[in-house]
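# A structural walkthrough
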Amino acid sequence: MNNPKELLARNFPTAVQDARLAAKPSLYDGPDSSYDLAFADPDFLLHPELRPVRMQLELLKPELVQREENIQSTIVMFGSARILSAEDAQARFDASQELPAGEARDLAVRRAQRQIDMSRYYEEARAFASMVTNHSAQLETPIYVVTGGGPGIMEAGNRGAFEVGGKSIGLNIVLPHEQEPNPYITPRLCFQFHYFALRKMHFLMRSVALVCFPGGFGTLDELFEALTLMQTGKCRKRPVLLFGRDFWTKLIDIDHLVDTGMISPDDIHLFRYVETAQEAWDTLRNEYGLAQPPQDSACGW
């Protein structure tokens, strides 16, 4: 053998190369043909019996991309898709004022005022994501914001990172009525899921903290699953911050759960309440002993 490099040459064509060759016109092209390569045949991959394979692929694709991007630490931001930015909430309120007088107008005004009140959470989420992204950019292991990829609080999280020039992750999911990815996610890090369970795994796999804003069934589902995993020791404990004590204590009577023996008194330490972006970021910095990084050098997480 004249060239020693041939000893290390690839033995077989790559899947990409064979897929390109197989894409050429064939005598057996057509709707009744089984001639397509198995891994290049969507009808085959979507067969009910291929569900275990699809689940594996859905776990693996975001994992490989995040490894390639060297993403090791994330902060997960949960919250309602229905919370508007302050600007959009004000526009809704102004529009409600233009409606003809009557019961419908009064109802629209009340709803619009409530949206203005709730919009503070959008702005706090936006500010918090900016702080995380900006302050951690100089760390040896940067921290990336990850959201569910949709509108509302999710948009605020990705937007805050985008506005300071940072990357952020969006874990979107196919739903019948929602949700299109918001425009602030880093394209390389915008993923789409079919399975809720695998999406939830990716929320937690790299997270160093969970920050939960007011939300509905989806937010509660994600929050309580994370708390259950930590309570039962199925995953390591990490800070869980609930934005808005008034909202959460009105929604969930934690003291009642303790008083009735449904949870242990120690379980109330699985989370804490915060009110502002600065308070949330300071809490996490104190939790991890993270000093403000100097401007001219990197600092490890």
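Scroll up for the structure.
These lines cover the structure that appears in this document, whether it is placed above or below. (Residues numbered from 1 in each chain as written. Predicted model: local features only at pLDDT ≥ 70, side-chain atom pairs only at ≥ 80, totals over all residues. Heavy atoms only, no water.)

### Quick word on the overall build of the protein chain
The test is simple: A run of DSSP states H or I qualifies as a helix once it reaches four residues; a run of E qualifies as a strand once it reaches two. Both are numbered from the N-terminal end. Whether two residues are in contact is decided by their heavy atoms, any of which lying within 4.5 Å being enough. We score Asp and Glu as negative and Lys and Arg as positive, and we do not count His or the chain ends. To locate a charge, take NZ of a lysine, CZ of an arginine, CG of an aspartate or CD of a glutamate.
Scanning the protein chain from N- to C-terminus turns up 11 helices and seven strands. Counting only contacts in the protein chain whose residues sit at least 6 apart along the sequence, the fraction spanning at least 24 positions is 69%. Counting 30 positive and 40 negative side-chain charges, the protein chain places the averaged centre of each group 3 Å from the other.

### Points about the nonpolar core
How we decide: Buried residues of nine kinds, namely Ala, Val, Leu, Ile, Met, Phe, Trp, Tyr and Cys, make up a nonpolar core once their side-chain atoms join them within 4.5 Å. Accessible area is worked out with a 1.4 Å probe on protein chains only. A residue is then buried under 20% of its type maximum, exposed over 50%, and partly exposed in between.
Counting 33 residues, the largest nonpolar core has Ile 169, Leu 210, Val 240, Leu 242 and Trp 248 as its most contacted members. Listing elements by their share of this core, those giving two or more residues are β1 (73-78), β2 (143-147), β3 (168-173), β4 (190-193), α7 (196-205), β5 (207-212), α8 (217-231) and β6 (240-243). Among the elements that line this core, the one with the most residues is α8, at five residues. With residues near it in sequence (within four places) discarded, Trp 248 still touches Cys 212, Phe 213, Pro 214, Thr 219, Leu 220, Leu 223, Leu 242, Phe 243 and Tyr 273. Counting residues in hydrophobic clusters, the runner-up holds 27 residues, among them Phe 243, Val 274, Trp 281 and Leu 290.

### Focus: α8
How we decide: Here the expected span of a helix is defined as 1.5 Å times the quantity of residues minus one. For this quantity, the arc is that covered by the directions from the helix axis to the C-beta atoms.
When the terminal C-alpha atoms of α8 are compared, their 20 Å separation across 15 residues agrees well with the 21 Å that a helix rising 1.5 Å per residue should span. Taken together, the buried positions of α8 are occupied by Thr 219, Leu 220, Glu 222, Leu 223, Ala 226, Leu 227 and Met 230. Seen end-on, α8 carries its buried residues on one side only, within an arc spanning 165°. Packing partners of the buried residues in α8 comprise β1, α7, β5, β6 and α9 (245-251). Gly 233 occupies a position one or two residues after α8 and carries a positive phi of about 80°.

### What about unusual backbone geometry?
Phi at Asn 70 is positive, roughly 60°, even though this residue is not glycine. With respect to the helices, strands and loops of the structure, Asn 70 is situated in the loop between α3 (51-68) and β1.

### Observations regarding a nonpolar patch on the surface
Operational definition: Like-charged residues within 9 Å of one another, or nonpolar side chains (Val, Leu, Ile, Met, Phe, Trp, Tyr) within 5 Å, are grouped into patches, provided each residue has over 30% relative accessible area and no salt bridge. For accessible areas, the Shrake-Rupley method is used with a probe of radius 1.4 Å. Any residue's cover is judged against the shown protein chains and nothing else. Salt bridge, as applied in this entry: a Lys or Arg side-chain nitrogen positioned within 4 Å of an Asp or Glu carboxyl oxygen.
The grouping of Leu 27, Tyr 28 and Tyr 35 at the surface amounts to a nonpolar patch, some 430 Å² of accessible area in total. By secondary structure assignment, the location of Tyr 28 is in the loop between α1 (15-22) and α2 (42-45).

### As for the environment of Thr 283
Stated precisely, the cut-off is as follows: We call two N or O atoms a polar contact when they sit within 3.5 Å, provided that within protein one can donate a hydrogen and the other can accept it, with sequence-adjacent residues counted only if both atoms are side-chain atoms.
Summarising the element assignment, Thr 283 is placed in helix α11 (residues 277-288). Residues Thr 283 and Thr 249 lie 34 residues apart in sequence; the distance between their C-alpha atoms is 20 Å. Among the polar contacts listed, one links the side chain of Thr 283 to the backbone oxygen of Glu 279, at a separation of 2.7 Å.

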